[in-house]
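The primary structure of each chain is shown beneath.
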Amino acid sequence: MKNINLYIISIIALFTFSCNQDATSPSSSTSTKSGSEVSINNPSGTGTSGSTARFTIAKNHLYIATEDALYVYSLEKPDQPVFQSQQNLFGVETIFSLENHLYLGTQTGVLIFDITNPNSPNRISTYRHITSCDPVIVQGDFAFSTLRNSSDQCRRGINCLDVINVADKSNPKQLARVNLDGPIGLGIHNQYLYVCDNDYIKQFDVSDPSNPTLIRSNGLPGCFDIIVNGQTLIAVSNQGIHQYSIEQSGQLSSLSTILKD
Amino acid sequence: MKIKYIPILFISIFLLNSCDDKKKDLEKISAITPVYGTLDDLKAMITTQPPRSLNSVGKIYTYNQLLLVNEQFEGVHIFDNSDPSDPKPIQFIQIPGNVDIAIKDQYAYADMGVGMATINIEDLTNPVLTHFDQAYLGEKHQQRPPQHMTSNFSGNKVYFECPDPTKGMVISWEINEILKPECFIIK
């Protein structure tokens, strides 16, 4: 309990202190567009979530990962999703979809589901690790999963980045493990992997996935999730939203920041 | 000499305790209570507001040129991010209880803690709830408040008023001072 109280107090303290910064709050912006000027130009396609998402859309279905189950909705009638199926699980934290598969980050490992039949995901394998909290993302044959012990449920866990070969979805294999400080969200752009690790965005070269190489770290206190959108990296921290352009070398140069009030 | 006082002491402690127990049952405590409502009530809860500053930042989501930033348990800030060096706030969509969102075509699927809302966002100034579903919360959505509310309480036991299905659908939860209810959650 003491730990939890300390945790809460430190979070409050953090929020209180971050309030003192010179904030460029969205409401103070003078260039506010009214909503009617901006509509959805191309009202089709699916959006992109950060790596810590619990909702994902794949194959015209919505998959929801709650702490203890995976739920499936058909979006055939997009205005009226229809519940299809449910599977009870344990300690689920995040969901990621790529092509024919779902990857669930759970406290005990990464679960891989086949969604050839999108109405009822078929669990084909589990990449097990010791109890930790972990988002997972996938590019090609490689999954990148961070494990952290910083939250209450994962106090006994470890802090690291795992690279997993998922070429054979039924038999995921650990390729590499890099020790980190307290990693959470992550994103990938070509051969560059970006990981929120406590107060930094760490950039790894993963052109050889069995040997991720730390290239540089950008300071970003309280960084917790990342979206890579083409050449733009969007990071969210406990200070606000930070956008960077990704240079050829993978280096990040700041584009804009929306600070909290 | 002092020994003879000990039984008195015990008796008074016992009396004090039993007084406390009785008092506790009549004392109001801080507990989580269900808010009942209809689909129309839910519709009325999902509204647009002028842009506001970020406060308790949650998850992020991008959809075409839009950047969505969750304000934890309150809704979503929407930015026009066609120029990432100059994201422009469009507005705030209030979605009580919201943490996660996903968008396909012009529909946003958003959790509200008490269920999942389907919102037509084709016209961002006028988001329209088209569907509300509680299946993904299983049976427990009608039985207990969401985790983010219980985690704010100190102590291991969090009391909440047992929902009464005859009163209708639970559309949200709030914290009130009430007589100690029967239902509780062990954290």
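Each remark here, short or long, concerns the structure printed above.
Below: a short report on this structure. Given the structure is predicted, the values throughout are model-derived calculations rather than measurements.

Details of the sheet that holds strand β4 (residues 69-74) of chain A
Residue and element names in this part refer to chain A.
Here is step 1: Taken together, 4 strands build an open sheet; the order of strands is β2-β3-β4-β5 and the sheet is antiparallel. Of all strands in the sheet, those bounded by a partner on one side alone are β2 (55-58) and β5 (82-88). When strand polarity is set aside, the average angle formed by the axes of neighbouring strands in this sheet is 20°.
Here is step 2: By the bridge criterion, 6 bridges tie strand β3 (residues 61-66) to β4 in an arrangement that is antiparallel. Counterpart to Thr66 in the pairing with β4 is Ala69.

So, unusual backbone geometry
Residue and element names in this part refer to chain A.
Here is step 1: Phi angles above zero are rare outside glycine, and Asn60 is one such case at about 60°.
Here is step 2: Locating Asn60 in the fold gives a position in the loop between β2 and β3.
Here is step 3: Taking the relative accessible area as the measure of exposure, Asn60 reaches 30% and is therefore partly exposed.
Here is step 4: With phi around 50°, Asn190 is a residue other than glycine that occupies positive phi space.
Here is step 5: With respect to the helices, strands and loops of the structure, Asn190 is situated in the loop between β14 (183-189) and β15 (192-197).

Regarding the interface of chain A and chain B
Here is step 1: Listed as interface residues are 59 residues of chain A and, on the opposing side, 56 residues of chain B.
Here is step 2: Note on chain A versus chain B: buried area summed over both sides is about 4,800 Å², and carbon and sulfur give 62% of it.
Here is step 3: Linking chain A with chain B are 0 salt bridges.
Here is step 4: The interface formed by chain A and chain B contains 21 residue pairs in polar contact (both at pLDDT 80 or more).
Here is step 5: For the side of chain A that touches chain B, the secondary-structure elements that each account for two or more residues are β1 (48-49), β2, β3, β4, β18 (223-229), β19 (232-237), β20 (240-246) and β21 (252-259) of chain A.
Here is step 6: In the side of chain A that touches chain B, the residues fall into 24 nonpolar, 27 polar and 8 charged.

Observations regarding the pairing of β21(A)
Residues and elements named next belong to chain A.
Here is step 1: Across 7 bridges, β20 lies against β21 in antiparallel orientation. Considered in β21, the bridge of Gly240 is made with Leu259.
Here is step 2: Following β20, the chain reverses through 5 residues before pairing antiparallel with β21; Gly250 in that reversal takes a positive phi of roughly 90°.

What about the pattern of salt bridges?
Side chains that carry opposite charge are capable of pairing whenever their charged atoms lie near each other.
Here is step 1: By the definition in use, this model includes 7 salt bridges over all chains.
Here is step 2: We note a salt bridge from B:Lys88 to B:Asp86, for which the minimum N-O separation is 2.9 Å.
Here is step 3: Linking B:Asp105 and B:Lys104 is a salt bridge whose minimum nitrogen-to-oxygen distance equals 3.4 Å.
Here is step 4: Because the salt bridges share partners, they merge into one network encompassing A:Asp181, A:Asp197 and A:Lys202.

A few points about the packing of aromatic side chains
Here is step 1: Inspection of the entire model under this criterion finds 5 aromatic pairs over all chains.
Here is step 2: Ring centres 5.6 Å apart and planes at 65° place the aromatic pair A:Tyr73 and A:Phe83 in the edge-to-face group. Highlighted residues: A:Tyr73 in strand β4 and A:Phe83 in strand β5, separated in sequence by 10 residues.
Here is step 3: Taking relative accessible area as the criterion, A:Tyr73 reaches 0% and is therefore assigned buried.
Here is step 4: Geometrically, the ring pair formed by B:Phe160 and B:Trp173 is edge-to-face, given 5.8 Å between the ring centres and 80° between the ring planes.

Overview of the sheet that holds strand β12 (residues 160-165) of chain A
All names here are of chain A.
Here is step 1: The strand order β10-β11-β12-β13 describes an open sheet built from 4 strands, whose pairing is antiparallel. Where the open sheet ends on each side, the last strands, each with one partner, are β10 (136-139) and β13 (173-179). Strand after strand, the sheet turns through a mean of 20° between neighbouring axes, direction not considered.
Here is step 2: Bridge count between strand β11 (residues 142-147) and β12: 6 bridges; the pairing is antiparallel. Directly across from Leu147, in β12, lies its bridge partner Cys160.

Focus: the nonpolar core
Here is step 1: Counting residues in hydrophobic clusters, the biggest one holds 47 residues, and the most contacted among them are A:Leu62 and B:Leu68.
Here is step 2: Looking at which element gives the most residues to this core, the answer is strand β8 (residues 107-111) of chain B, with 4 residues.
Here is step 3: Aside from chain neighbours lying at most four places away, what touches A:Leu62 is A:Phe55, A:Thr56, A:Ile57, A:Tyr71, A:Val72, A:Tyr73, A:Leu75, B:Ala102, B:Tyr109 and B:Met116.

Reading the values: the criteria
- Residues numbered from 1 in each chain as written.
- Chains lettered and ligands numbered in written order.
- Predicted model: local features only at pLDDT ≥ 70, side-chain atom pairs only at ≥ 80, totals over all residues.
- Heavy atoms only, no water.
- Pairing = 2+ DSSP bridges.
- Helix = DSSP H or I, 4+ residues; strand = E, 2+ residues; numbered from the N terminus.
- Axes fitted to C-alpha atoms, helices over the stretch in contact; angles between N-to-C directions.
- Buried < 20%, exposed > 50% of the residue type's maximum accessible area, 1.4 Å probe, protein only.
- Contact = heavy atoms within 4.5 Å.
- Buried area = accessible area lost by both parts, 1.4 Å probe.
- Salt bridge = Lys/Arg side-chain N within 4 Å of Asp/Glu carboxyl O.
- Polar contact = N/O pair within 3.5 Å; in protein donor to acceptor, adjacent residues only side chain to side chain.
- Nonpolar A, V, L, I, M, F, W, Y, C, P; charged D, E, K, R; others polar.
- Phe/Tyr/Trp six-rings, centres within 6.5 Å; stacked < 30°, edge-to-face > 60°.
- Core = buried A, V, L, I, M, F, W, Y, C linked by side-chain atoms within 4.5 Å.

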